[in-house]
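As a plain string of letters, each chain reads:
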Number of protein chains: 2
Amino acid sequence: MAGAVSSRSCQKIRGAQIRELLDSKQSVLFDCDGVIWNGEKAVAGATDVVRLLKKRGKNVFFVTNNCTRPREKYVQKFSRLGFADVAQEDIFSSAYCSALYLRDVVKVRGKVFAIGGDGVHSELRDACVSFVEGDADDSGMSIVDCPLEPDVKAVLVGYDDRLTFLKLAKACCYLQNAECHFLATDPDPWHPLRQGRVTPGSGSLTAALETATGRKATVIGKPSRFMFECIASQFGVDPARSLMVGDRLETDILFGANCGMETLLTLTGVSTLQEAQGYVDSDAPDKKDLVPDYVVDSIADLLPLLEEDE
Amino acid sequence: MAGAVSSRSCQKIRGAQIRELLDSKQSVLFDCDGVIWNGEKAVAGATDVVRLLKKRGKNVFFVTNNCTRPREKYVQKFSRLGFADVAQEDIFSSAYCSALYLRDVVKVRGKVFAIGGDGVHSELRDACVSFVEGDADDSGMSIVDCPLEPDVKAVLVGYDDRLTFLKLAKACCYLQNAECHFLATDPDPWHPLRQGRVTPGSGSLTAALETATGRKATVIGKPSRFMFECIASQFGVDPARSLMVGDRLETDILFGANCGMETLLTLTGVSTLQEAQGYVDSDAPDKKDLVPDYVVDSIADLLPLLEEDE
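Keep in mind it's a predicted model, so treat the numbers as computed, not measured. (Residues numbered from 1 in each chain as written. Chains lettered and ligands numbered in written order. Predicted model: local features only at pLDDT ≥ 70, side-chain atom pairs only at ≥ 80, totals over all residues. Heavy atoms only, no water.)

## A look at the interface of chain A and chain B
- Contacts between chain A and chain B engage 35 residues on the former and 35 residues on the latter.
- Across the chain A to chain B interface the summed buried area is about 2700 Å²; carbon plus sulfur atoms make up 66%.
- Looking at the side of chain A facing chain B, the largest losses of area belong to Val144, Phe165 and Arg197 of chain A, adding up to 29% of the total buried there.
- Our count for the chain A to chain B interface comes out at 0 salt bridges.
- On inspection of chain A and its partner chain B, the count reaches 8 residue pairs in polar contact (both at pLDDT 80 or more).
- The element best represented in the side of chain A that touches chain B is helix 8 (residues 202-213) of chain A, accounting for 8 residues.
- Across the side of chain A that touches chain B, the residue classes break down as 21 nonpolar, 8 polar and 6 charged. (Contact = heavy atoms within 4.5 Å. Buried area = accessible area lost by both parts, 1.4 Å probe. Salt bridge = Lys/Arg side-chain N within 4 Å of Asp/Glu carboxyl O. Polar contact = N/O pair within 3.5 Å; in protein donor to acceptor, adjacent residues only side chain to side chain. Helix = DSSP H or I, 4+ residues; strand = E, 2+ residues; numbered from the N terminus. Nonpolar A, V, L, I, M, F, W, Y, C, P; charged D, E, K, R; others polar.)

Listed below in C-alpha cells is the structure:
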C-alpha cells in the first residue's frame, strides 16, 4: 500500500505507462456519467475501450451514483449508445445497492419511505423491499392532515425531480423515530445538464433532511465502500488488481482510495485538473485521498494501447 | 460586558429578581412562536404581560423568524388572540427584514427569485423590491426546458410549503452566477406542528441549496444581528437596556448575545432546560453564547411582578 499511496500523484499518463497500468489490473470499474457518456452521447472511443478491455479478459464493471434508472434501463442505454454485451450484472447503481443494503444489511422489517424516481422504486421492488412512494395521492395536503404510514422503518433519499415539500415533511416526521433508518443513495451535490443548466443532486435533498432532523444519513453510493463490497461479494474482485475510473474527485476518486484501488481521473466530466492539483497542494491530510493516481483527458486515451495487438 | 458574560448562567428567576430585571430594561423583544403563542392559542397570561409592559412605558417589539405571514396578518393574529394595540411597526419578521435588506443593504438592481409564501411575497411587494415567484406556470417542466428570467440578481429562500424540485433547480441555475446574491430569511431547521408532527424550516431548504451550489447564504433572521439593526435604526433602542425573550437557544438566545442584550429563555416552545444546561456544561467557547442569562417556565412568570403596582 505504501507504493500505491506514494504514486497518488495526479500523473498524466500515456503510452507505455497506460499499457503497464492496464496489464497490472484484472478489473476496471467505470463511473458512467461524464466518463462513459454525457447525456445521450457516448464519449468518443468509449465503446471500443469497453469492448477491447473485455476482449483482453478484464472484468468491466459500471459503478454509478445515478439512481434515476433501474439497471435494465441502463442495459438499454448501453445498447442504444453502441456498447455491445453490457449485462445487468455488470451494473452497480446507487439505487440497486441501496436496495441490497436495505434488504441484506439493515434487514428492514416494515416499509421504506422512498424519495426518488423510477430507478429507486424499481430496484426496491426487484429486491422485494416493501416501500411507500413519497408522492401518494395527498399532494396539496398539509403535513398536519395527511396520513402517515404506521410501519415505516427507513427513509431512503435519492434524486427526485418530482420532489415536493410534503415529501420532505413526511420524511421529517418518519425520522423523528430514532429507530427509523436514514439512508441516501448518493452524496452528489449537483449535476450538470444541457445548455449550462444544473440540477440539485441527491446530496442536496439529503442535506435538507439532515438539517431538518439533526441526523446524518448513511450514504450508500460512492465514496462509501458499500458499492465495492457489492461487486466484491458477487465477483470476488481484488482491489489491488482493480482500477477505478471516474470524473468526480469527491465521489469516484475518493471511492477508489477508500476501497484500496488505484484511480484514474478522466477529464470529460465534472472535475478539472486544477481541482485535482488543488488537492495535491492541500495541507489537509484528508484531501490526499481525493488525489487521483493517474489522469487522462478521456478514456479514449486508453484506446491505442488496447488496439496494439488486435 | 464582562458582567453580562459572567451572568450568563441559565438562572431560573422569580420574584424580586424578575422585578429587578424588568426595572433595568427599557425595551423587551419577544419571539412569537413558542413564546407569545403556540399555533392559534396565546400562551396563558401573554396578553396581560404585553399590556402591562406597555403600561409601564416599556417598548415592546416582536421579532420573529417566521416568514409565512406579512406583518398586517400578524397584526390581525395579535388582535384575534386578544393582544390589544400591537401595531405593525412593532413587528419585525424575517420576511420584512429580508425585504429591507435587499432594498437598503444589497440595493438590488434587477429581480429577486423568491422561494417562500405570502409573507415573503407581500413584504417584497411592500418594499418595492421586484421579484419573481418560484412557482410560475411551468410546474411539470424540466429545468432544462423551463424559461429562466434574465435579470435575477438575488435568490431569497424562506419557508415554502409549496416548494417543488423545479424551484430548487431554478435557484441553483440563478446562483451559478457568482454575482447573484444568496439570502435566507432565517436558519430555523424545523418547526413543531400539531399532533407531534414537524415540518422542515427555511434552514433546511437553504441547506439543500448551499449543498447544491457550494455557496453559503447570508442569513437575515435571528441569530444574525440584522433584525436588531432594523429595530435600532427605527426606534433607537439600547441593547444594554433591552431584553430578548425567546424559546429557541440557537436562534433567539444567540441573537440576544450577538446583539449585546441580556436573554431570557422561556420553556413554552422548542428548547428545553436540559439543552440549555448542555451548553452551560460544554467546553466549546462558541457554545457559551447559546446559554441564556435567565430562564422562566413561561412569560406568565413575569405577571405577578407586573401586576404588583396596578
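## Quick look at the pairing of strand 10 (residues 181-184) of chain B
Residues and elements named next belong to chain B.
- The pairing of strand 9 (residues 152-157) with strand 10 spans 4 bridges and is classified as parallel. Within strand 10, the position partnered with Leu156 by the bridge is Leu183.
- Bridge count for strand 10 against strand 13 (residues 218-219) is 2 bridges, and the pairing is parallel. Paired with Ala184 across the bridge in strand 13 is Val219. (Pairing = 2+ DSSP bridges.)

## Brief notes about the domain arrangement of chain A
Residue and element names in this part refer to chain A.
- Domain annotation for chain A reports domain 1 (11-65 + 224-308) and domain 2 (95-219).
- On the side of domain 2, 13 residues touch domain 1, which itself brings 9 residues to the contact.
- When domain 1 packs against domain 2, the two sides together hide about 880 Å² of surface, and 61% of this comes from carbon and sulfur.
- A per-residue breakdown of the area domain 1 buries against domain 2 is headed by Asn65, Phe226 and Arg248, which together make up 55% of the total. (Domains from an automatic or database assignment.)

## Things to note about the relation of the copies chain A and chain B
- When chain A is brought onto chain B, the operation consists of a screw motion whose angular component is 180° and whose axial shift is 0.1 Å, with 0.0 Å RMSD remaining. In the structure described here, the two chain copies are related by an operation that fits a two-fold rotation axis.
- An overlap of 100% is found between the interface residues of chain A and their copies at the interface of chain B, pointing to a shared contact surface. (Least-squares fit on C-alpha atoms with pLDDT ≥ 70 in both.)

## Side note on the side chain of Ser271 of chain B
- By secondary structure assignment, the location of Ser271 of chain B is in the loop between strand 15 (262-266) and helix 11 (273-281).
- Looking at Ser271 of chain B, its side chain comes within polar contact range of the main-chain nitrogen of Leu249 of chain B, at 3.0 Å.

## So, the pattern of salt bridges
Residue and element names in this part refer to chain B.
- Enumeration according to the criterion identifies 38 salt bridges over all chains in this entry.
- Between Asp289 and Arg8 there is a salt bridge whose closest N-O contact spans 2.7 Å. Taken together, the positions of Asp289 in the loop between helix 11 and strand 16 (294-296) and Arg8 in the loop between helix 1 (2-6) and strand 1 (11-12) put the pair 281 residues apart, joining distant regions of the chain.
- On the accessibility criterion, Asp289 (29% relative accessible area) is partly exposed. (Buried < 20%, exposed > 50% of the residue type's maximum accessible area, 1.4 Å probe, protein only.)

## Notes on the packing of aromatic side chains
- Taken as a whole and judged by the stated rule, the model has 24 aromatic pairs over all chains.
- The interplanar angle of 80° and the centroid separation of 5.3 Å between the aromatic rings of Phe165 of chain A and Tyr159 of chain B together place this pair among those described as edge-to-face. Of the two residues, Phe165 of chain A sits in helix 7 (residues 165-175) while Tyr159 of chain B sits in the loop between strand 9 and helix 7 (165-175), which places them in two different chains.
- Plain terms: the ring middles of Phe92 of chain B and Phe235 of chain B are 6.3 Å apart, the flat faces sit at 75° to each other, and that makes the pair edge-to-face. Highlighted residues: Phe92 of chain B in strand 6 (residues 91-93) and Phe235 of chain B in helix 9 (residues 226-235), separated in sequence by 143 residues.
- Classification of Phe92 of chain B as buried rests on a relative accessible area of 0%.
- By relative accessible area, which is 35% here, Phe235 of chain B ends up partly exposed. (Phe/Tyr/Trp six-rings, centres within 6.5 Å; stacked < 30°, edge-to-face > 60°.)

## Some details on helix 3 (residues 46-55) of chain B
Residue and element names in this part refer to chain B.
- Three or more residues of helix 3 are buried, namely Ala46, Val49, Val50, Leu52 and Leu53.
- Considering only its buried residues, helix 3 is in contact with helix 2 (15-23), strand 2 (27-30), strand 5 (59-64) and helix 12 (303-307).
- Positive phi appears at Gly57, one or two residues downstream of helix 3, with a value of about 85°.

## Some remarks on unusual backbone geometry
All names here are of chain A.
- For the peptide bond that leads from Lys222 to Pro223, omega is 10°, which places it in the cis range.
- Relative to the helices and strands, Pro223 resides in the loop between strand 13 (218-219) and helix 9 (226-235).
- Backbone geometry at Lys107 places phi at a positive 50°, although glycine is not the residue there.
- Since its relative accessible area comes to 52%, Lys107 is described here as exposed.
- The phi dihedral of Gln195 falls on the positive side, at around 60°, and the residue is not glycine.
- Exposure remark for Gln195: the relative accessible area of 62% places this residue in the exposed category.

## Quick notes on the state of the cysteines
Residues and elements named next belong to chain A.
- Overall, the coordinates contain 0 disulfides over all chains when judged by the stated rule.
- Of the cysteine sulfurs around Cys32, a residue in no disulfide, the closest is that of Cys97, at 12 Å.
- Residue class for Cys32 comes out buried when judged on its relative accessible area of 0%.
- Cysteine Cys173 is unpaired, with the sulfur of Cys172 as its nearest cysteine sulfur at 6.8 Å. (Disulfide = S-S within 2.5 Å.)

## Things to note about the nonpolar core
- Membership of the largest hydrophobic core comes to 124 residues, with the highest contact counts inside it found for Leu102 of chain A together with Leu102 of chain B.
- Residues in contact with Leu102 of chain A, not counting those within four places in the same chain, are Lys107, Val108, Val112, Leu124, Val129, Ala154, Leu156 and Leu183 of chain A. (Core = buried A, V, L, I, M, F, W, Y, C linked by side-chain atoms within 4.5 Å.)

## A look at the confidence of the model for chain A
- Looking at chain A as a whole, its pLDDT mean stands at 94, while 96% of the residues score no less than 70.
- Low pLDDT, under 50, characterises residues 1-6 of chain A; the stretch is placed with 2 contacts to residues that sit more than four places away or in other chains. (pLDDT = per-residue confidence, 0-100.)

## Some points on empty space enclosed by the protein
Residue and element names in this part refer to chain B.
- One pass over the structure, following the stated rule, counts 1 cavity of 30 Å³ or more.
- For the largest cavity, the calculated volume is near 40 Å³.
- Taken together, Arg19, Leu22, Asp23, Arg56, Lys58, Leu305 and Leu306 form the lining of the largest cavity.
- Counting residues per element, the lining of the largest cavity draws most heavily on helix 2, which supplies 3 residues.
- In terms of residue class, the lining of the largest cavity is made up of 3 nonpolar, no polar and 4 charged. (1 Å grid on protein atoms, 1.4 Å probe; cavity = no way out; pocket = protein on both sides within 12 Å on 5 of 7 lines; lining within 4 Å. Points joined across faces, edges and corners; volume = space filled by probe spheres on them.)

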